[in-house]
Amino acid sequence: MKSTLHTAAQICEHGFAPLENRAALESVAASYAVALPPALAALIDRDDPHDPIARQFVPSEAELDRQPQELVDPIGDDAHSPVKGIVHRYPDRVLLKLTPICAVYCRFCFRREMVGPDKANALSAAALATALDYIRAHSEIWEVILTGGDPLVLSARRLRAVMKALDNIDHVKVVRIHTRVPIADPARMTPELVRALKIKAKPTYVAMHVNHARELTPAARAACARMADAGMPLLAQSVLLAGVNDTPEAMGDLMRALVECRIKPYYLHHADLAPGTGHLRTGIATGQNLMRELRGRLSGLCQPTYVLDIPGGHGKSPIGPSYIERMAANGGERVVVEDFSGGRHQYPPQNI
Ligand code: SF4
């Protein structure tokens, strides 16, 4: 397979879904964009009905099942958008959404109602100028996060122009890029594109979205190495997904593979309440148990923070597990702390 599959018919014809599902998948594709690029298609075992790569990227008739608690804008971007392309939720940072296009469309995407080639939210030159004016006018903005869609589908020329504009805003000290391109289309990460992301005196952090160790192919690892060698700190954001990474083995393998690629696990996101994604969500207890397993078995480098984006635009909060319990004490603070293997200890220790 040499080019990206964009339709339900192509998905079925190439054997990624049964032909009899075609009509249902066309209904899914009418609402939510489909793109399965060759680099990810090559990882899918078409004979495995539970393949963790297919679960993430191949449309499923389960997406037609909308649950009452699911939301069109689950993390509340719109409530914090002062001008087109900007989301200003936290005081010191903004999202700058340059494009609704992605190299691959994740079936659980929290912005699935906003991303895709037919969504009318590409940022025009005039809208980009207004968004940059907003950043210039707000001196409290310390960090700008390029997101989308996926900003790295844009040309090196366009990205260089945006990075230069941000470089020229004194109060912006850090630029961060959220992307899946190094995984979905590693050949795009050419030396020219990597150079376009660098700015003179400010760090460019790249936060990659990776959910399964198999996504880190030799080509993806080489793409990440080009960015790391160019001096860009690399982070990973992963989403906890049923049947993809919800076992200690799968999550542990992912975290270790990331660190081996010089990518620091940053957030493990609880899956958002995006429409038609119930089959991929777990309970919060699953995530907390996984985090305990990671803490007990793997290096501190391999520990992400497990977070929930609170529906309604209230931002992210760490959701545990907690290792500390307060005890009633006479005239002082006393707590019980749990160690990495489940042992419980009073602090301060008694009788010392
Ligand atoms: S790459 Fe990101 S924005 Fe694009 S579909 Fe996947 S999760 Fe959504």
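The rules we used
Residues numbered from 1 in each chain as written. Predicted model: local features only at pLDDT ≥ 70, side-chain atom pairs only at ≥ 80, totals over all residues. Heavy atoms only, no water. Near = heavy atom within 4 Å. Nonpolar A, V, L, I, M, F, W, Y, C, P; charged D, E, K, R; others polar. Salt bridge = Lys/Arg side-chain N within 4 Å of Asp/Glu carboxyl O. Helix = DSSP H or I, 4+ residues; strand = E, 2+ residues; numbered from the N terminus. Buried < 20%, exposed > 50% of the residue type's maximum accessible area, 1.4 Å probe, protein only. Pairing = 2+ DSSP bridges. Axes fitted to C-alpha atoms, helices over the stretch in contact; angles between N-to-C directions. Lys, Arg positive; Asp, Glu negative; His and termini not counted. Contact = heavy atoms within 4.5 Å. Expected span 1.5 Å × (residues − 1). Arc of directions from axis to C-beta. Core = buried A, V, L, I, M, F, W, Y, C linked by side-chain atoms within 4.5 Å.

(A) Structural context of the site of the ligand. Around the ligand, the structure places Cys102, Val104, Tyr105, Cys106, Cys109, Arg180 and His209. Tallied by class, the residues present in the shell around the ligand amount to five nonpolar, one polar and one charged.

(B) Looking closely at the pattern of salt bridges. Evaluation of the coordinates by the stated rule reveals 18 salt bridges. Across the pair Arg214 and Asp51 runs a salt bridge, and its minimum N-O distance is 2.9 Å. Note that Arg214 is positioned in the loop between β5 (204-209) and α9 (218-229) and Asp51 in the loop between α3 (38-41) and α4 (52-57), a separation of 163 residues in sequence. For Arg214, a relative accessible area of 33% translates into the label partly exposed.

(C) Structural detail: the sheet that holds strand β12 (residues 344-347). Reading across from one edge, β10-β11-β12 is the order of the three strands in this open sheet, with antiparallel pairing throughout. If you trace the sheet from one side to the other, it starts and ends with β10 (324-327) and β12, each paired once. Pairwise comparison of adjacent strand axes, ignoring direction, gives a mean angle of 25° for this sheet. Relative to β12, strand β11 (residues 334-338) is paired through four bridges, and the arrangement is antiparallel. Considered in β12, the bridge of Val336 is made with Gln346.

(D) Here's a closer look at the pairing of strand β1 (residues 86-90). Burial of β1 is extensive: four of the five residues sit out of reach of the surface. As paired elements, β1 and strand β2 (residues 93-97) share three bridges and run antiparallel to each other. Bridge pairing links Val87 to Leu95 in β2. What sits between β1 and β2 in their antiparallel hairpin is a turn of two residues.

(E) Structural detail: the side chain of Asp272. Topologically, Asp272 is positioned in the loop between β7 (263-270) and α11 (284-297). Of the buried charged residues, Asp272 lacks a salt bridge, with Lys316 as the closest side chain of opposite charge at 8.3 Å. If we skip the residues at most four places from it in the chain, Asp272 touches Pro74, Ile75, Phe110, Thr277, Arg281 and Asp309.

(F) Quick look at the sheet that holds β2. Taken together, the nine strands give an open sheet; going across it, the order is β1-β2-β3-β4-β5-β6-β7-β8-β9, and neighbouring strands pair in mixed fashion. With partners counted over all chains shown, the strands left at the sheet margins are β1 and β9 (316-318), one partner each. On average, each strand axis in the sheet is tilted by 30° relative to the strand beside it, whichever way the strands run. Both β2 and strand β3 (residues 143-147) contribute to a ladder of five bridges, which runs parallel.

(G) Examining α11 more closely. Over its 14 residues, α11 runs 20 Å from end to end, which matches the ideal 20 Å to within 8%, given 1.5 Å per residue. Among all positions of α11, only Gly287, Leu290, Met291 and Leu294 are buried. Buried residues in α11, looked at end-on, bunch into an arc of 100°, giving them a common side. On its buried face, α11 is in contact with β6 (234-240), α10 (248-260), β7 and β8 (305-309).

(H) Here's a closer look at unusual backbone geometry. In the segment running from Gly320 into Pro321, the intervening peptide bond is cis, with an omega of 10°. When you line up the elements, Pro321 lands in the loop between β9 and β10. Backbone geometry at Arg262 places phi at a positive 65°, although glycine is not the residue there. For Arg262, a relative accessible area of 46% translates into the label partly exposed.

(I) Representation of the nonpolar core. Judged by nonpolar contacts, the single largest core of 90 residues is most densely connected at Leu36, Leu96, Ile135 and Leu146. When sequence neighbours within four positions are dropped, the list of residues in contact with Leu146 reads Leu96, Leu98, Pro151, Val162, Met163, Leu166, Val175, Arg176, Ile177 and His178. Judged by nonpolar contacts, the second largest core, of six residues, contains Ala35, Cys102, Tyr105 and Val115.

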